[in-house]
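# Observations on chain architecture
So the chains spell out like this:
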Amino acid sequence: LSTSPPVVVLLLSLLGLAAAGKLLVMHVDGSPWLSVQEVLESLRQKGHEVVVVAPEVSLHIKPSKNFVMKMYSVPYTKEEFEKGMKAYFHVSFEEGSFFERFFKVFESTKKITNFGVSSCEHLLQNKELIRYLEESKFDAVFTDPFLSCGAILAEHLSLPAIYFFRIVPCGLDFEATQCPSPPSYVPREFTDHTDRMTFLQRVKNLLFDIPNLFLCDFVFKPYSKLASEFLQREVTVLDLLRKGSVWLFRLDFVLDYPRPLMPNIIPIGGVNCAHKELPK
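First, a word on scope: everything that follows refers to the structure included in this document. Note that the structure is a prediction, hence the values are computed from the model and not measured.

Conventions we followed
Residues numbered from 1 in each chain as written. Predicted model: local features only at pLDDT ≥ 70, side-chain atom pairs only at ≥ 80, totals over all residues. Heavy atoms only, no water. Helix = DSSP H or I, 4+ residues; strand = E, 2+ residues; numbered from the N terminus. Buried < 20%, exposed > 50% of the residue type's maximum accessible area, 1.4 Å probe, protein only. Contact = heavy atoms within 4.5 Å. Phe/Tyr/Trp six-rings, centres within 6.5 Å; stacked < 30°, edge-to-face > 60°. Lys NZ or Arg CZ within 6 Å of the ring centre and 35° of its normal. Disulfide = S-S within 2.5 Å. Core = buried A, V, L, I, M, F, W, Y, C linked by side-chain atoms within 4.5 Å. Pairing = 2+ DSSP bridges. Axes fitted to C-alpha atoms, helices over the stretch in contact; angles between N-to-C directions. Salt bridge = Lys/Arg side-chain N within 4 Å of Asp/Glu carboxyl O.

When its secondary structure is counted, the protein chain shows ten helices and seven strands. Counting across all 280 residues of the protein chain, residues that qualify as buried make up 43%. Look at the contacts in the protein chain between residues 6 or more apart in sequence, and 59% of them connect residues 24 or more apart.

Now the structure itself:
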């Protein structure tokens, strides 16, 4: 088709809409950060400006040429944090009965949550850093829903939240996105079921959902309290997560069991960990 001059002018005028943006990043530490680094490098190559907010104590989040780093102090040491993180990941590979595994995960998750809540509290109390974020005119917040502090900042700054995640405790991602999660189809943690279950296995799957009520309470209730105090109105973490614009789901159904997804949940299993080319 031949292109008329008015059409060319219109297309050129639309190029301004594709200008580089400014992204605020607040993400969990540990192995997920290895995936985030690859994303941030790609964004820098495309001309986007990235600002990473992180605590002074971290495992992998370090200054880089790919982004501007803004750090804040926290009331715990690197040794304490490393010990808690190692214990958390070690529990994930332990075997045992459901109750043994659940209580171990409960205790280790509680310790990690305490680090996150303490870190978030010190960030929100850092008036100088918060003022900088308010004046920087970001376009979006890139965060993990497990670290609810990112959702709190997105709400405070009135910015769309982009969630880059693998799993959210107690299935809060299903509830926040109104995504179907039938126990007859979607296997629950610790059941070792597949997506093909007998009637009794579906009953067991339903019963294994009950502990999630306790997980949600102790993992996210402290963040809800922080958010309510900072935003000066009653709000829960679920309220904040429901406003998420895009959920980038770090898995694909080659490696995991199929499950229903909502339109704003995008599987990106190929961006799951920093990788190296295998030798021949």
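Below, the discussion takes up the packing of aromatic side chains. Per the counting criterion, the structure on display carries eight aromatic pairs. A centroid spacing of 5.8 Å and a plane angle of 25° characterise the contact between Y76 and F81, whose relative ring orientation is stacked. Its relative accessible area of 8% is what places F81 among the buried residues. Given the relative accessible area of 10%, Y76 is considered buried. Within the aromatic cluster, the residues linked to one another by ring pairs are Y163, F165, W247 and F249. The residue whose ring lies beneath K22 is F138, and the NZ or CZ to ring-centre distance is 5.3 Å. One residue, K70, lies across the ring of Y132, its end atom 4.4 Å from the ring centre.

The next thing to look at is the environment of Y163. Tracing the chain through its elements places Y163 in strand 5 (residues 161-165). Once the C-alpha coordinates of Y163 and L248 are considered, the two residues, 85 residues apart in sequence, prove to be 5.8 Å apart. Setting aside chain neighbours within four positions, we find Y163 in contact with T143, D144, P145, A151, L240, L241, G244, V246, W247 and L248.

Before going further, it helps to examine the state of the cysteines. Simply put, disulfide is the name for a covalent bond between the sulfur atoms of two cysteines. Across all of its chains, the model carries one disulfide by this definition. Across a sulfur-sulfur distance of 2.1 Å, C120 and C149 are joined as a disulfide pair. As the torsion about the S-S bond is roughly 85°, the C120-C149 disulfide counts as right-handed. With C120 in helix 4 (residues 98-124) and C149 in helix 6 (residues 148-156), this pair connects stretches of sequence that are 29 residues apart.

Counting 59 residues, the largest nonpolar core has L24, L123, L133, L153, L172 and L241 as the members making the most contacts within it. Broken down by element, this core gets its largest block of residues, eight residues, from helix 9 (residues 212-231). With residues near it in sequence (within four places) discarded, L172 still touches C216, F220, V237, L238 and L241. Residues L23, V39, A54 and M69 belong to the second largest nonpolar core, which totals 17 residues.

Counting through the fold element by element, S224 comes out in helix 9. Accessibility expressed as a relative area gives 12% for S224, which makes it buried. Leaving out residues up to four positions away in the same chain, S224 has contacts with V235, T236 and V237.

Taking strand neighbours across the sheet as the criterion, the seven strands line up as 3-2-1-4-5-6-7 in an open arrangement whose pairing is parallel. Of all the strands in the sheet, just strand 3 (68-72) and strand 7 (265-267) have a single pairing partner and so form its edges. The sheet shows a mean angle of 20° between the axes of neighbouring strands, taken without regard to direction. Relative to strand 4 (residues 140-143), strand 1 (residues 22-26) runs parallel, the two sharing four bridges. Bridge pairing in strand 4 places V25 opposite F142.

Enumeration over the complete set of coordinates arrives at six salt bridges. A salt bridge links R188 to D209; the shortest N-O distance between them is 3.0 Å. Residue R188 is located in the loop between helix 7 (172-176) and helix 8 (199-207), and its partner D209 is located in the loop between helix 8 and helix 9; the two are separated by 21 residues in the primary sequence. A residue is classified by how much of its surface remains accessible, and D209, at 23% relative accessible area, is partly exposed. A salt bridge links D239 to R242; the nearest nitrogen and oxygen atoms lie 3.8 Å apart. Residue R242 is classed as partly exposed on the basis of its relative accessible area, which comes to 45%. Overlapping salt bridges bring together E155, R233 and K243 as one network.

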